[in-house]
Amino acid sequence: EEQEEDTLRELRLFLRQVTERLTYDRRFKVFTKPVDTKKFQDYRKVVRWPMDLSTLLTNIDRNRYITVSEFVEDADLIWQNALKYNYLKSGSNIRHRASAFKDTLHAILREDLDEEFERECQDIKRRR
Ligand SMILES: CC(=O)c1nc(NC(=O)[C@H]2CNCCN2)sc1-c1cc(O)cc(O)c1
């Protein structure tokens, strides 16, 4: 009902703010767009579930997330995929950025997410 729609609108605003903070951080430019699979032909052999910041934003606008934890599952794919694809010594530069991305994402959530709000979102999900 109306209160639920208010909560989900507030969730989308929060998730857009988190995504935008990461997108504007120049360290994470490599994570802002889908990996170019023409340029990196082996990428899809290594990474089953590609994810990037622009796709997160599209998913938010399409009402794909009704809890913060669903969003975090997708956002975590970004750094997990980068660590997997760059496991060799030559990928250390991207691994450092992936680790910084992970720490920044979870620091933002620890600082800005009210767990009472996430519990409300979980209740809406349960009722559906
Ligand atoms: C984000 C990611 O996972 C990524 N990994 C890379 N790894 C390599 O190039 C490693 C692969 N192993 C051999 C040594 N090079 S390049 C790259 C990337 C960089 C961009 O500027 C845009 C983009 O979309 C993806």
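A brief structural summary. Since this is a predicted model, take the numbers as computed values, not measurements.

Notes on the overall build of the protein chain
Then, number 1: When its secondary structure is counted, the protein chain shows 6 helices and 0 strands.
Then, number 2: When the helices and strands of the protein chain are read in sequence order from the N terminus, they spell out α-α-α-α-α-α.
Then, number 3: Its C-alpha atoms give the protein chain principal-axis dimensions of roughly 50 × 25 × 20 Å.
Then, number 4: Across the 128 residues that make up the protein chain, the buried fraction comes to 39%.
Then, number 5: At a minimum sequence separation of 6, the contacts of the protein chain that also span at least 24 residues come to 69%.
Then, number 6: Carbon and sulfur atoms make up 50% of the accessible area of the protein chain, which amounts to about 8300 Å² in all.
Then, number 7: Side-chain charges of the protein chain comprise 26 positive and 25 negative groups, with the mean position of each set lying 11 Å from the other.

Details of the site of the ligand
Then, number 1: Around the ligand, the neighbouring residues are Val-30, Pro-34, Val-35, Phe-40, Tyr-85, Asn-86, Ser-90 and Ile-94.
Then, number 2: Side-chain polar atom of Asn-86 to a nitrogen atom of the ligand: 2.6 Å apart, as the coordinates give it.
Then, number 3: Considered on its own, the ligand offers 550 Å² of accessible surface; in the complex 68% of this is hidden by protein.
Then, number 4: Partitioned by chemical class, the residues of the shell around the ligand number 6 nonpolar, 2 polar and no charged.

Calculation criteria
Residues numbered from 1 in each chain as written. Predicted model: local features only at pLDDT ≥ 70, side-chain atom pairs only at ≥ 80, totals over all residues. Heavy atoms only, no water. Helix = DSSP H or I, 4+ residues; strand = E, 2+ residues; numbered from the N terminus. Buried < 20%, exposed > 50% of the residue type's maximum accessible area, 1.4 Å probe, protein only. Contact = heavy atoms within 4.5 Å. Areas by Shrake-Rupley, 256 points an atom, 1.4 Å probe, with all protein chains shown as cover. Lys, Arg positive; Asp, Glu negative; His and termini not counted. Charge placed at Lys NZ, Arg CZ, Asp CG, Glu CD. Near = heavy atom within 4 Å. Polar contact = N/O pair within 3.5 Å; in protein donor to acceptor, adjacent residues only side chain to side chain. Nonpolar A, V, L, I, M, F, W, Y, C, P; charged D, E, K, R; others polar.

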